[in-house]
Amino acid sequence: MAEPHAILEMRSITKLFPGVKALDDVTMSVRRGDIHAICGENGAGKSTLMKVLSGVYPHGTYGGQIVFEGEEMSFKDIKSSESAGIVIIHQELALIPELSVTENIFLGNEIVASGLIDRRESRRRCRDLLARVGLEVDPDMAVKYLGVGQQQLVEIAKALSKNVKLLILDEPTSALNEDDSENLLLLMKGLKGRGITSIMISHKLNEIAAVSDAVTVIRDGRTVETYAVEAGEVDEDRIIRAMVGRSLDNRYPDHAPNLGGETVLEVRDWTVEHPNVPGRLVCDGESFVARRGEIVGFAGLMGAGRTELARSLFGRSYGIHRSGQMFLHGEEVELRTVRDAIRHRLAYVSEDRKQLGLNLLDSIKRTIVSANLPAVVRRGLIDPSRERAVAERYRSSLRIKTPGVDVGVATLSGGNQQKVVLAKWLFPEPDVLILDEPTRGIDVGAKFEIYKLIQDLADQGKAIIVISSELPEVLGLCDRIYTICEGRITGEVDRADADQETLMRLMTTTVGSAA
């Protein structure tokens, strides 16, 4: 019998994959009209549980029961769960870039009159749906021209078009800036006011505190606890203890800053033009240094040009280089290709691991060795034993959760995929390691591990550059911080003198420079 006021109950859900039990007797109840948060480390089973609920993993491929609105459900696919009113928005948005907003919203659910798509009625309903989510864009505009935050709203409008009763959002703000994140959370509250129940998977505890009515914590495929909360009064320490099985007294490992090492990388007057917009400079005369054993942070708002700078340095893989010099260990170098960058011991971990960091068709072992193939080659061919030994070493040292290194990287959780990307770029043993949003979409326990790894690499004498949208992360991790606004470096602050207010002021002004 279903609990009173519960719109959803998942009872003793168990899901097996070859070599691993992803879900082990998971039980959860969601009250009607609530915003219910699900927390857990990467690989804990959160996304797998939601794929079971939404029909991605059909009935018969898992054990246990799903009771929705008092009835036991046997969803055979996503279409059947959507017909019941359950809609999932995945972390990687499922929009088709070349199609219009209207076409994306009604894709697979087209409005038809006399056997043909009724485009006029489709546009009218599209405008109504966009108004409900507070998005003012042309319904005929191709989705590829929208920002990530706007695309997220299109996904929600698409869910509303299906008469959604239970909306599942998997890491909905992981790729959004602060303003877009705030707007999305406000929209979730608005949907709650209209009677729509939401389940939100998130690693951002401040967002959970802002909007959630209840929290379920999953660890190692099992339910640890579920409890109701008052908005704004989430006990973050309690959640962390439940997630990682221990207390994290400090979110950032203790580490003595190193500011006196020799200069490994120096960039002077670096100027790069946008690849598709003539005359627009994405890097405008930027100069900075990174020293041996130092963790250097780059802070800036979305669109400030941080990633463009990093990619242009890494073998000029972005933009059109107009001027500027790069020095490694005091010698000027011209890194015109990614191969040149790797050969000069420069590595770059991209912010978008799935588009730029991984080949999702490859195995873990092939991915880890891919940036340094000569090290595993014997007599002109890849030596399988060397390849496996390298992969197993990084699997162990980075604690990558996987049944084996032969499985595809596509089967891993986001956090474990990120660790594979890190392993890929650690294997060439770089002197300079650029990390672009290295902990995006990663839980607090895994973040702590990656912070410790970054610090260990710095202690080994590597120059580390960290680009992050999270100011607490920059302040907690970096020894020295540069700020960027509109393609210009606007400030340089030592960790001891930095705070969020100072950084934000420098991130929002184009006045000033740093040598």
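Note on numbering: residues in each chain are counted from 1, in written sequence order. The model is predicted, so local features are restricted to residues of pLDDT at least 70 and side-chain atom pairs to those at 80 or more, both for listing and for counting; the totals for chains, interfaces and linings are taken over all residues. For side-chain calculations, the full set of non-hydrogen atoms in the structure is used, while hydrogens and water are omitted.

Going by what an unreviewed UniProt entry lists, the chain is known as Putative multiple sugar transport system ATP-binding protein and is assigned to Brachybacterium aquaticum. Database annotation for the chain, UniProt heading Subcellular location (unreviewed entry): "Cell membrane". UniProt positions are given in the numbering used here, feature names are shortened, and annotations may be inferred rather than shown by experiment.

The helix and strand inventory of the chain stands at 17 helices and 24 strands. For this measure, only C-alpha atoms enter the radius of gyration; the expected value for a globule follows 2.2 Å times N^0.38, where N is the number of residues. Against the 2.2 N^0.38 benchmark of 24 Å for 515 residues, the chain shows a C-alpha radius of gyration of 24 Å, consistent with a compact globule. Once the C-alpha set of the chain is aligned to its principal axes, its extents read approximately 70 × 50 × 50 Å. In the chain, which comprises 515 residues, the proportion classed as buried is 53%. Contacts were defined at the residue level, with two residues in contact if any of their heavy atoms lie within 4.5 Å. Excluding contacts between residues fewer than 6 apart, the proportion of contacts in the chain whose partners are at least 24 apart in sequence is 66%. Numbering goes from the N terminus for both helices and strands, where a helix is a DSSP run of H or I of at least four residues and a strand is a run of E of at least two. Buried, partly exposed and exposed residues are distinguished by accessible area as a fraction of the type maximum, computed with a 1.4 Å probe on protein chains only: under 20%, between the cut-offs, and over 50%, respectively.

Between Lys or Arg on one side and Asp or Glu on the other, a salt bridge is scored when a side-chain nitrogen of the former is within 4 Å of a carboxyl oxygen of the latter. Applying the stated rule across the entire model yields 35 salt bridges. For the salt bridge of Arg291 with Glu294, the shortest nitrogen-to-oxygen distance reads 3.6 Å. Residue classification places Arg291 among the partly exposed positions, given a relative accessible area of 22%. A single salt-bridge network, built from bridges that share partners, covers Glu121, Arg124, Arg125 and Asp128.

At least two DSSP bridges between two strands are needed for those strands to be called paired. If you trace the four strands from one edge of the open sheet to the other, you get β14-β13-β16-β17, paired in antiparallel fashion. Two strands in the sheet have a free side with no partner beyond their single neighbour: β14 (281-291) and β17 (331-333). Sheet twist, expressed as the average angle between the axes of neighbouring strands with direction ignored, equals 15°. As judged from the seven bridges shared by strand β13 (residues 263-273) and β14, these two strands associate in the antiparallel manner. Its bridge partner being in β14, Trp270 is matched across the sheet by Glu286. Each axis is a line fitted through C-alpha atoms, and for a helix only the stretch in contact is used; angles between axes span 0 to 180 degrees, taken between their N-to-C directions.

Once that is clear, we can look at the domain arrangement of the chain. Here the limits of each domain have been adopted from an automatic or database domain assignment. For the chain, the assigned domains read domain 1 (6-244) and domain 2 (263-508). Put simply, the middle of domain 1 and the middle of domain 2, counted by C-alpha atoms, are 31 Å apart.

For the rest of this paragraph, the subject is the environment of Ile196. On the secondary structure map, Ile196 appears in the loop between α6 (178-193) and β10 (197-201). For the pair formed by Ile196 and Ser312, sequence separation is 116 residues and the distance between their alpha carbons is 45 Å. In contact with Ile196, not counting residues within four places along its chain, are Leu160, Val164, Lys165, Leu167 and Leu191.

This paragraph deals with the sheet that holds strand β5 (residues 71-73). Spatially, four strands are ordered β2-β1-β4-β5 in an open sheet, and the strand pairing comes out antiparallel. Each having just a single partner strand, β2 (20-31) and β5 make up the two edges of the open sheet. Neighbour-to-neighbour, the strand axes of the sheet open up by a mean angle of 25°, direction not taken into account. With eight bridges connecting them, strand β1 (residues 6-17) and β2 associate as antiparallel partners. Across the sheet, the residue bridging to Met10 is Met28, located in β2. With respect to the sheet, helix α1 (residues 46-53) is in contact with β1, β2 and β4 (63-68), its orientation differing from that of β1 by roughly 115°.

Let's shift gears to the nonpolar core. Among soluble globular proteins, nonpolar side chains are generally buried collectively. Joining through side-chain atoms within 4.5 Å is the link that ties buried Ala, Val, Leu, Ile, Met, Phe, Trp, Tyr and Cys residues into a set, and such a set is a nonpolar core. Leu265, Phe288, Phe298, Val432, Leu433 and Ile464 are the most contacted members of the largest nonpolar core, which totals 82 residues. For Phe288, the residues in contact, after removing those within four places along its chain, are Leu265, Glu266, Val267, Phe298, Leu309, Leu313, Ile465, Tyr482 and Ile489. Residues Ile35, Cys39, Val133 and Leu146 belong to the second largest nonpolar core, which totals 49 residues.

Turning our eyes to something else, we now look at the packing of aromatic side chains. In this scheme Phe, Tyr and Trp rings, the latter by its six-membered ring, pair at centre separations within 6.5 Å, and the angle between planes marks the pair as stacked below 30 degrees, edge-to-face above 60, and tilted otherwise. A complete count under the given rule lists eight aromatic pairs for this structure. With centroids separated by 5.0 Å and ring planes inclined at 80°, the aromatic side chains of Phe288 and Phe298 adopt a geometry described as edge-to-face. Placement of the pair is Phe288 in strand β14 and Phe298 in strand β15 (residues 295-299), with a sequence separation of 10 residues. Like Phe288, the residue Phe298 is buried in the burial classification.

Turning our eyes to something else, we now look at unusual backbone geometry. For residues other than glycine, phi is negative in most cases, and the peptide bonds are mostly trans. Positive phi values are uncommon outside glycine, yet Asn163 reaches one of about 55°. With respect to the helices and strands, the residue Asn163 is situated in the loop between α5 (148-160) and β9 (166-170). In this structure Asn163 comes out as exposed when scored by relative accessible area, which is 62%. Here Arg379, not a glycine, exhibits a phi torsion of approximately 55°, which is positive. Overall, the relative accessible area of 83% leaves Arg379 in the exposed class.

Now for the packing of helix α14 (residues 414-426) against helix α15 (residues 444-459). How two helices pack is summed up by the angle between their axes together with the distance between the axes. Where α14 contacts α15, the axes come no closer than 12 Å and their chain directions differ by 10°. Considered as vectors, α14 and α15 are oriented roughly parallel to each other. Two secondary-structure elements touch here, α14 through Lys419, Leu422 and Leu426 and α15 through Glu449, Ile450, Leu453 and Leu457. Tallied by class, residues from the contact of α14 with α15 come to five nonpolar, no polar and two charged. Any angle that falls under 35 degrees is termed roughly parallel, while one over 145 is termed roughly antiparallel, one within 65 to 115 roughly perpendicular, and all others oblique. Following the grouping adopted for this structure description, the nonpolar residues are Ala, Val, Leu, Ile, Met, Phe, Trp, Tyr, Cys and Pro, the charged ones are Asp, Glu, Lys and Arg, and the polar ones are all others, Gly among them.

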